[in-house]
Amino acid sequence: MTVLLPPSETKREGGDTDRTLDLRALSFPELADERAAVITAARSVSSEESTARTALKLGPKSIAERLRNLELDTAATLPAIERYTGVLYDPLAADAADDATRRWWADHVVVQSAMFGPIGAGDQIPAYRLSHDSRLGPLRLARHWPEVSSRAIGSRGAGLVLDLRSEGYRALGPVPGAVAPRVVSVDAGGRRKALNHWNKTAKGRLVALLGRTGAQVASVDDLAAWARANGVTFDRTADGWDLVAESLEPASV
């Protein structure tokens, strides 16, 4: 199984100063040239506050984040699963996870980065500032990444692809046939309502539990069986699959 995650806008600072960015050491090294092109374009728009403000959608409190893009070659790195923070990644508590959980994530989790394209959860990356809708002059992320990203993800071979990316990042690397569950909340009357922002928390808790249990999943039916065994409500619907957020509350795992 491959689990696809979006990155996050917020990122942890710091990391290993002895391991700087090596594009060919990242997963899918065949994307090194595409990654270098994005980095060059990101540096260009980040060189001045005026261009960075518009291109990267930075406000007064975040304008200093443009400097990250100027230091990508020399900045400290962290595994991607630790670099990203926020409502999806915080439930993982990756910096405190045991070795077996981290190995599972490294083997199964791929993050769709706007800067680096698809990367593995264990790949060492620096902090940066770039989103799927950032404007990089003549380089358009919506044209630059989709074909090569889809091909790279497909190179992992046959098997279930669980797509937990947001719509914008899904567009940067479409995967036909991937299972993209709808995250829902269930009220007292049994009615289901799709969640928006808070669906990320449920996705983070799902990936945390998959890693902690060392899930062995090869098909969507395997995933449904794993969910039942672990108290997670993952139901087939007329339109696909529903993941019930309440079944992933901390008390249930």
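Preceding this paragraph is the structure being described.
This structure is a prediction, so every number in the text was calculated from the model and none was measured.

Caption draft 1: Fine view of the side chain of glutamine 112. Mapping glutamine 112 onto the fold places it in strand E3 (residues 109-113). Residue class for glutamine 112 comes out buried when judged on its relative accessible area of 1%. A polar contact is formed between the side chain of glutamine 112 and the side chain of serine 149, at a distance of 3.3 Å. Among the polar contacts listed, one links the side chain of glutamine 112 to the side chain of arginine 165, at a separation of 3.0 Å.

Caption draft 2: Representation of the pattern of salt bridges in the model. Using the criterion set out here, one finds 18 salt bridges in the structure. We note a salt bridge from glutamate 65 to arginine 129, for which the minimum N-O separation is 2.6 Å. Here arginine 129 lies in the loop between strand E5 (124-125) and helix H5 (141-144) and glutamate 65 lies in the loop between helix H2 (49-55) and strand E2 (78-79), a separation of 64 residues in the sequence. Aspartate 221 is the partner of arginine 236 in a salt bridge, and the nearest nitrogen-oxygen pair spans 3.3 Å. Of the two residues, arginine 236 sits in strand E9 (residues 234-237) while aspartate 221 sits in helix H9 (residues 220-229), which places them 15 residues apart along the sequence. The exposure class of arginine 236 is exposed, given its relative accessible area of 54%. A single salt-bridge network, built from bridges that share partners, covers Glu9, Glu13, Glu65, Arg68 and Arg129.

Caption draft 3: Structural detail: the side chain of threonine 2. Residue position: threonine 2 is located in strand E1 (residues 2-5). The exposure class assigned to threonine 2 is buried, which follows from its relative accessible area of 8%. Within the local environment of threonine 2, its side chain forms a polar contact with the side chain of arginine 156, the two groups lying 2.7 Å apart. Excluding residues that lie within four positions of it along the chain, threonine 2 makes contacts with His108, Val110, Arg156, Leu160, Val161 and Leu162.

Caption draft 4: Local environment of the sheet that holds strand E8 (residues 192-194). In spatial order, the strands read E8-E7-E10-E9; together these four strands make up an open sheet with mixed pairing. On the outer flanks of this sheet lie E8 and E9, each paired with one strand and no other. Averaged over all pairs of adjacent strands, the angle between strand axes in this sheet comes to 40°, irrespective of strand direction. Bridge analysis of E9 against strand E10 (residues 240-244) gives four bridges, and the strand direction is antiparallel. The residue of E10 that forms the bridge with arginine 236 is tryptophan 241. On the sheet, H9 packs against E9 and E10 and is oriented at approximately 135° with respect to E9.

Caption draft 5: Structural detail: the packing of aromatic side chains. Under the counting rule described, the total for this entry stands at four aromatic pairs. An angle of 40° between the planes, with centres 5.3 Å apart, marks the rings of tyrosine 84 and tyrosine 89 as tilted. Like tyrosine 89, tyrosine 84 is buried. Summarising the aromatic geometry, the rings of phenylalanine 116 and tyrosine 128 are spaced 5.4 Å apart at their centres and angled 80° between planes, so their arrangement reads as edge-to-face. Taken together, the positions of phenylalanine 116 in the loop between E3 and strand E4 (117-120) and tyrosine 128 in the loop between E5 and H5 put the pair 12 residues apart, joining distant regions of the chain. You can call tyrosine 128 buried: its relative accessible area is 0%. Joined through ring pairs, the aromatic side chains of Tyr84, Tyr89, Phe116 and Tyr128 make up one cluster. Taking the ring centre of tyrosine 128 as reference, the NZ or CZ of lysine 11 above it sits at 4.4 Å.

Caption draft 6: Here's a closer look at the packing of helix H4 (residues 99-108) against helix H8 (residues 199-213). For the pair H4 and H8, interaxial distance at closest approach is 7 Å and the crossing angle is 115°. The crossing of H4 and H8 is right-handed. The segment H4 lies against H8, with Thr101, Trp104 and Trp105 engaging Val207, Ala208, Leu210, Gly211 and Arg212. Residues that form the contact of H4 with H8 fall into these classes: five nonpolar, two polar and one charged.

Caption draft 7: A look at unusual backbone geometry. Its identity as a non-glycine residue notwithstanding, lysine 57 has a phi of 55°, on the positive side. Topologically, lysine 57 is positioned in the loop between H2 and E2. Residue lysine 57 is classed as partly exposed on the basis of its relative accessible area, which comes to 46%. Positive phi, normally seen in glycine, also occurs at alanine 93, with a value near 45°. Within the secondary structure layout, alanine 93 lies in the loop between helix H3 (80-83) and H4. The exposure class of alanine 93 is partly exposed, given its relative accessible area of 38%.

Conventions used here
Residues numbered from 1 in each chain as written. Predicted model: local features only at pLDDT ≥ 70, side-chain atom pairs only at ≥ 80, totals over all residues. Heavy atoms only, no water. Helix = DSSP H or I, 4+ residues; strand = E, 2+ residues; numbered from the N terminus. Buried < 20%, exposed > 50% of the residue type's maximum accessible area, 1.4 Å probe, protein only. Polar contact = N/O pair within 3.5 Å; in protein donor to acceptor, adjacent residues only side chain to side chain. Salt bridge = Lys/Arg side-chain N within 4 Å of Asp/Glu carboxyl O. Contact = heavy atoms within 4.5 Å. Pairing = 2+ DSSP bridges. Axes fitted to C-alpha atoms, helices over the stretch in contact; angles between N-to-C directions. Phe/Tyr/Trp six-rings, centres within 6.5 Å; stacked < 30°, edge-to-face > 60°. Lys NZ or Arg CZ within 6 Å of the ring centre and 35° of its normal. Left-handed = near helix turned anticlockwise from the far one by under 90°. Nonpolar A, V, L, I, M, F, W, Y, C, P; charged D, E, K, R; others polar.

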